[in-house]
Amino acid sequence: MSLAEIITRLHKAESAAGRAEGDTCLIAVSKRQPDARVVDVLEQGHRVFGENQVKEAAGKWPDFRARFDGVELHLLGPLQTNKARQSMGLFDAIHSLDRPRLANMLARLAQELGHCPQLFIQVNTGEEPQKSGVLPDDADGFVAECRALDLPIAGLMCIPPVEEEPSLHFALLGKIAARNGLEGLSMGMSGDFERAVALGATHVRVGSAIFGARG
Ligand SMILES: *Cc1c(COP(=O)(O)O)cnc(C)c1O
């Protein structure tokens, strides 16, 4: 695959869903990819990227940002509170807000620094014990808690269980977002982003289909 092919497929999925082409934000997930592949995608003009780890992002993105204007960087993986401060300066969006302690920390930092990345609340739609995210039943309460802290909640994010039909999870995420008046839906990866677009994804996170297999 290539960036151009993925964009074509994304536009087709948008049209099929009766949505405008370019409606969905394509996050190119560059975690564990060789720098040369990332630079190649930057040189093709793409500017929105996603990383899984704070440490890895801090190691490579300041340099890429210095070389390319207008980069928008999204954190997709779990965030420890001791990396929260660093993340405030590194990322434009964080998709893994998943617990009160982190919400409180981000709110305090946002007050202190006067800015905050866009936040997505991760929902563990499959209720998998090993996965982060708030449980579906706790989502409404957590959204309210985050709003009370004045956090900029852009929407919800999910990673469906590997063995299950992702559409069920995308639909559930959409339902939780709708009843909470949230517009953003971060869902869909290399294997299922078209199904996510059909169910209203505003942000798809595509790694291997753009860059190839990870090291
Ligand atoms: C790695 C990762 C992706 C991208 O996965 P691909 O299957 O390579 O598209 C998307 N979202 C999250 C949270 C990830 O960790």
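Residues numbered from 1 in each chain as written. Predicted model: local features only at pLDDT ≥ 70, side-chain atom pairs only at ≥ 80, totals over all residues. Heavy atoms only, no water.

Asks: Help me understand unusual backbone geometry in this model?
Replies: The bulk of non-glycine residues show a negative phi, and the bulk of peptide bonds are trans. Phi at Arg32 takes a positive value of approximately 50 degrees, unusual for a residue other than glycine. Along the chain, Arg32 falls in the loop between β1 (25-29) and α2 (35-43). The phi dihedral of Glu127 falls on the positive side, at around 50 degrees, and the residue is not glycine. (Helix = DSSP H or I, 4+ residues; strand = E, 2+ residues; numbered from the N terminus.)

Asks: Just checking my understanding: could you explain the pairing of β1 for this structure?
Replies: Residues in a regular strand project their side chains so that they alternate between the two faces of the sheet. Within β1, 5 of the 5 residues are buried, which leaves it mostly tucked inside the rest of the structure. Strand direction decides the pairing type here: β1 and strand β8 (residues 203-206), joined by 4 bridges, are parallel. Across the sheet, Leu26 pairs through a bridge with Val204, a residue of β8. Taken together, the 2 bridges between β1 and strand β2 (residues 48-51) define a ladder with parallel strand orientation. Note on β2: the bridge partner recorded for Ala28 is Phe49. The parallel pair β1 and β2, bridged by α2, forms a crossover whose chirality is right-handed. (Buried < 20%, exposed > 50% of the residue type's maximum accessible area, 1.4 Å probe, protein only. Pairing = 2+ DSSP bridges. Right-handed = clockwise from strand over helix to strand, strands pointing away.)

Asks: What should I look at first to understand the site of the ligand in this one?
Replies: Surveying the vicinity of the ligand reveals 13 residues, the closest of which are Lys31, Ser190, Gly207, Ser208 and Arg214. Between Arg205 and the ligand, the recorded distance is 2.9 Å, taken from a side-chain N or O atom to a nitrogen atom. With respect to the ligand, the side chain of Arg214 contributes an N or O atom lying 2.8 Å from an oxygen atom. Here the ligand loses 90% of its free accessible area of 390 Å² to cover by the protein chains. Looking at the shell around the ligand residue by residue, the class counts come to 6 nonpolar, 4 polar and 3 charged. (Near = heavy atom within 4 Å. Polar contact = N/O pair within 3.5 Å; in protein donor to acceptor, adjacent residues only side chain to side chain. Areas by Shrake-Rupley, 256 points an atom, 1.4 Å probe, with all protein chains shown as cover. Nonpolar A, V, L, I, M, F, W, Y, C, P; charged D, E, K, R; others polar.)

Asks: Explain the state of the cysteines here, please?
Replies: Working definition: the covalent bond between the sulfur atoms of two cysteines is a disulfide. Applying the stated rule across the entire model yields 0 disulfides. With no disulfide partner, Cys25 has as its closest neighbouring cysteine sulfur the one in Cys158, 16 Å distant. Here Cys116 is not cross-linked by a disulfide; its sulfur's nearest cysteine counterpart is in Cys146, at 10 Å. (Disulfide = S-S within 2.5 Å.)

Asks: Is there a simple way to explain the packing of aromatic side chains in this structure?
Replies: Within a pair of aromatic rings, the relevant descriptors are the distance that separates the centres and the angle that separates the planes. For the structure shown, the criterion picks out 2 aromatic pairs. A centroid spacing of 4.8 Å and a plane angle of 45 degrees characterise the contact between Phe49 and Trp61, whose relative ring orientation is tilted. Residue Phe49 is found in strand β2, and its partner Trp61 is found in helix α3 (residues 54-67); the two are separated by 12 residues along the sequence. Per residue, the accessibility class of Phe49 equals that of Trp61, and both read buried. Look at Trp61 and Phe64: their rings are 4.8 Å apart centre to centre, the planes differ by 70 degrees, and that puts the pair in the edge-to-face class. (Phe/Tyr/Trp six-rings, centres within 6.5 Å; stacked < 30°, edge-to-face > 60°.)

Asks: What am I meant to see in the packing of α2 against α3 here?
Replies: With their axes 12 Å apart at the nearest point, α2 and α3 run at an angle of 30 degrees to one another. Considering only the axes of α2 and α3, their crossing is right-handed. Along the contact surface, α2 presents Asp35, Val38, Val39 and Leu42, while α3 presents Lys60, Trp61, Phe64 and Arg67. When its residues are assigned to classes, the contact of α2 with α3 shows 5 nonpolar, no polar and 3 charged. (Axes fitted to C-alpha atoms, helices over the stretch in contact; angles between N-to-C directions. Left-handed = near helix turned anticlockwise from the far one by under 90°. Contact = heavy atoms within 4.5 Å.)

Asks: Even after reading the chapter, I still don't get helix α1 (residues 3-16), so can you show me in this structure?
Replies: Helix length check: α1, at 14 residues, gives a terminal C-alpha distance of 20 Å against a target of 20 Å (1.5 Å per residue), a fit within 8%. Restricting attention to buried positions, one finds in α1 the residues Leu3, Ile6, Leu10, Ala13 and Glu14. Seen from one end, α1 has its buried residues packed into an arc of 100 degrees, which puts them on one side. Relative to its buried face, α1 has exposed residues pointing more than 90 degrees away, namely Lys12 and Ala16. Taken together, the buried residues of α1 touch β1, α2, α8 (193-198), β8 and α9 (208-211). Following α1 by one or two positions, Gly18 has its phi on the positive side, about 75 degrees. (Expected span 1.5 Å × (residues − 1). Arc of directions from axis to C-beta.)

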